[in-house]
Amino acid sequence: MSKPITITNVRTILTAPETIPLVVVKIETSEPGLYGLGCATFTQRYLAVATAIDQYLAPYLIGKDVANIEDIWQTCQVNGYWRNGPITNNALSGVDMALWDIKGKVAGMPVYDLLGGKARAGAAVYRHADGKSLTEVEENVRKYMEQGLLYIRCQWGGYGGRIDQIKAPEGAPEGAYFDPHGYARNTVKLFDHIRNAVGDDIELLHDVHERLAPIEAVRLSKNLEPYRLFFLEDALSPEAVDWFAVMRQQSATPIAMGELFTHPQEWLPLIQNRLIDFIRCHISTIGGITPAKKLAHLCEAFGIRTAWHGPGDVSPVGHAANLHIDLSSYNFGVQEWWGPSDLIKEVFPGTPELRGGYLYANDKPGLGIDIDEKLAAKYGGTIDINISIGYPFLHNDEGLTDKAKN
Ligand code: MG
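If you're wondering where the values come from, they're calculated on a predicted model, not measured in any experiment.

A.B. asks: How would you explain the overall build of the protein if you had to name every residue and give the values?
C.D. replies: Of the regular secondary structure elements, the protein holds 14 helices and 15 strands. Along the first, second and third principal axes, the C-alpha atoms of the protein reach 65 × 45 × 45 Å. Within the span of the protein, comprising 406 residues, buried residues form 54% of the whole. Here the analysis covers contacts within the protein between residues at least 6 apart in sequence; of these, 70% occur between residues at least 24 apart. Within the structure as shown, the protein displays about 17,200 Å² of accessible surface, and the carbon and sulfur contribution to it stands at 51%.

A.B. asks: Any details on the pattern of salt bridges? Residues and values, ideally.
C.D. replies: Evaluation of the coordinates by the stated rule reveals 15 salt bridges. Across the pair Glu138 and Arg142 runs a salt bridge, and its minimum N-O distance is 2.9 Å. You can see Glu138 and its partner Arg142 sitting in helix 5 (residues 134-146), four residues apart, about one turn around the helix. The buried category is assigned to Glu138, whose relative accessible area is 16%. With a shortest N-O distance of 3.1 Å, Glu336 and Arg280 are connected by a salt bridge. With Glu336 in strand 11 (residues 335-336) and Arg280 in the loop between strand 9 (278-279) and helix 10 (283-286), the pair connects residues that are 56 residues apart, well separated along the chain. Salt bridges linked by common partners bring Arg153, Asp207, Glu233, Glu259, Arg280 and Glu336 together as one network.

A.B. asks: Give me the lowdown on the pairing of strand 1 (residues 7-15), citing residues and values where you can.
C.D. replies: Across eight bridges, the pairing between strand 1 and strand 2 (residues 22-29) is antiparallel. Considered in strand 2, the bridge of Thr12 is made with Val25. The hairpin formed by strand 1 and strand 2 contains six residues between the paired strands, and Thr19 there has a positive phi angle of roughly 70 degrees.

A.B. asks: Account for the environment of Thr253, naming residues and giving values.
C.D. replies: Relative to the helices and strands, Thr253 is located in the loop between helix 8 (244-250) and strand 8 (255-257). By relative accessible area, which is 2% here, Thr253 ends up buried. Between the alpha carbons of Thr253 and Ala168 there is a distance of 32 Å; along the sequence they are 85 residues apart. Setting aside residues no more than four positions away along its own chain, Thr253 makes contact with Ser221, Leu224, Glu225, Leu229 and Leu232. Within the local environment of Thr253, its side chain forms a polar contact with the backbone oxygen of Ser221, the two atoms lying 2.8 Å apart.

A.B. asks: I'd like a rundown of the sheet that holds strand 2, residues and numbers included.
C.D. replies: An order of 1-2-3 is seen for the three strands of this open sheet, with the pairing classed as antiparallel. Where the open sheet ends on each side, the last strands, each with one partner, are strand 1 and strand 3 (35-39). The mean angle between the axes of side-by-side strands here comes to 20 degrees, regardless of whether they run parallel or antiparallel. Together, strand 1 and strand 2 form the strand contacts of helix 1 (residues 46-61), whose direction differs from that of strand 1 by roughly 175 degrees. On the sheet, helix 12 (residues 316-328) packs against strand 2 and strand 3 and is oriented at approximately 90 degrees with respect to strand 3.

A.B. asks: Please provide a residue-by-residue account of the packing of aromatic side chains, values included.
C.D. replies: With the rule as written, the count across this model stands at seven aromatic pairs. Here Tyr81 and Trp82 contribute two aromatic rings whose centre-to-centre distance is 4.8 Å and whose plane-to-plane angle is 65 degrees, an arrangement assigned as edge-to-face. For the ring pair Tyr126 and Phe231, a centre distance of 5.7 Å and an interplane angle of 90 degrees mean the geometry is edge-to-face. Placement of Tyr126 in strand 4 (residues 123-131) and of Phe231 in strand 7 (residues 231-233) is noted, with a sequence separation of 105 residues between them.

A.B. asks: Any details on the packing of helix 6 (residues 180-198) against helix 7 (residues 214-223)? Residues and values, ideally.
C.D. replies: The packing of two helices is summarised by the inter-axis angle and the distance between the axes. Where helix 6 contacts helix 7, the two axes come as close as 10 Å, and the packing angle between them is 10 degrees. The orientation of helix 6 with respect to helix 7, classified from their angle, is roughly parallel. The chirality of how helix 6 crosses helix 7 is right-handed. Between helix 6 and helix 7, the residues in contact are Pro180, His181, Tyr183, Ala184, Thr187 and Val188 and Glu216, Arg219, Leu220 and Asn223, respectively. Of the residues in the contact of helix 6 with helix 7, the class split is five nonpolar, three polar and two charged.

A.B. asks: Go over the confidence of the model for the protein, please, and point to the residues and values.
C.D. replies: Detailed reading of the predicted coordinates is not advisable wherever pLDDT falls low. Across the protein, the average pLDDT comes to 92, with 92% of residues at or above 70. In this model residues 388-406 is a low-confidence stretch, pLDDT under 50, and it forms 54 contacts with partners more than four residues away in sequence or in other chains.

A.B. asks: Let's hear about the side chain of Arg153: which residues, and what values?
C.D. replies: Residue position: Arg153 is located in strand 5 (residues 151-156). Side chain to side chain, Arg153 and His128 meet in a polar contact 3.4 Å long.

A.B. asks: Break down helix 11 (residues 289-301) for me, citing the residues and quoting the values.
C.D. replies: For helix 11, spanning 13 residues, the distance from its first C-alpha to its last is 19 Å, which sits close to the expected 18 Å at 1.5 Å a residue. Regarding helix 11, the residues found buried are Ile289, Thr290, Pro291, Ala292, Lys293, Leu295, Ala296 and Cys299. After helix 11 finishes, the residue Gly303 shows a positive phi value of roughly 75 degrees.

Analysis parameters
Residues numbered from 1 in each chain as written. Predicted model: local features only at pLDDT ≥ 70, side-chain atom pairs only at ≥ 80, totals over all residues. Heavy atoms only, no water. Helix = DSSP H or I, 4+ residues; strand = E, 2+ residues; numbered from the N terminus. Buried < 20%, exposed > 50% of the residue type's maximum accessible area, 1.4 Å probe, protein only. Contact = heavy atoms within 4.5 Å. Areas by Shrake-Rupley, 256 points an atom, 1.4 Å probe, with all protein chains shown as cover. Salt bridge = Lys/Arg side-chain N within 4 Å of Asp/Glu carboxyl O. Pairing = 2+ DSSP bridges. Polar contact = N/O pair within 3.5 Å; in protein donor to acceptor, adjacent residues only side chain to side chain. Axes fitted to C-alpha atoms, helices over the stretch in contact; angles between N-to-C directions. Phe/Tyr/Trp six-rings, centres within 6.5 Å; stacked < 30°, edge-to-face > 60°. Parallel < 35°, antiparallel > 145°, perpendicular 65-115°, else oblique. Left-handed = near helix turned anticlockwise from the far one by under 90°. Nonpolar A, V, L, I, M, F, W, Y, C, P; charged D, E, K, R; others polar. pLDDT = per-residue confidence, 0-100. Expected span 1.5 Å × (residues − 1).

In structure tokens, the structure reads:
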């Protein structure tokens, strides 16, 4: 029996080339030059995740055999006794993805091959067409259509509607305020406009981002039915999932759910009862590739497709993991894609490439992605987050801009 390859070092790398804090885990091994990368990005609590990795997981993992991903995943999940929270799941994901990356490198195979091989040559993506007016959204939709995109998410104003029209009481603290009725009315107007303007040969999507009361979300789902959405995303909050049964009875608009889920008991009832059409978890927040692939298989049995969360607050390593699962999953639906800057592609060589509406993986062993640690350090350290709002926001001439578009 050959000597096992063991873990010699586990560390987090914090970097924010696009001003969004990213958490990447690097696992080094007893094999010279052999290492793996994983995504543990929970932007809004990134230091807590880094602590969980460096202080709690790393000491446990040193000396472990890199081959035993399943055993390591299960043990790390329960050895803190309390489990399935977003901080510990993200920490575990960083380790899990890095071990899959290492396993691929040892095997000389891309991770999608380890997961069963390609079920498709490329993964269709959707991108976000936003705008402050109907015309601006339409222009952005047409821009993406010219680039060959087949799926486009449309939003009029920020999440929950147009920020400049939102009224808050005098003396209200800084924060996010919404006009749910105005937002719901405008969203129907938006899809009436866009569907009539661009025709039927393009798939349209929308993200409610949990901004409506449950019954208002049900009504929006019904009112959007004539515009044949590919899906309506996060129409309800995780706390209101029982309302999906009502929504299902009232409307045939396909439903995508799950980017805030952390615990299997959040998705199981929705899948078992066929209450959603697409599962779209943030893969690092459920614990990485190991649980995501199991979830994809579970969904396949119930006719539910995947649409993993893919905004700017997933690191390129996490996007690569999404893509390897997409390519190897029979029940892949669509992949959210944020569009990396040139800088982020420099920091993360091997970032997947979008061409004509499809995302492609390179054929390198493992996840096929690396990190330029020197460049990452230039954008490293701690990054200010507006805790009162909870997202990294930048102030510009137009007021608050949501940087972590998801
Ligand atoms: Mg979303």
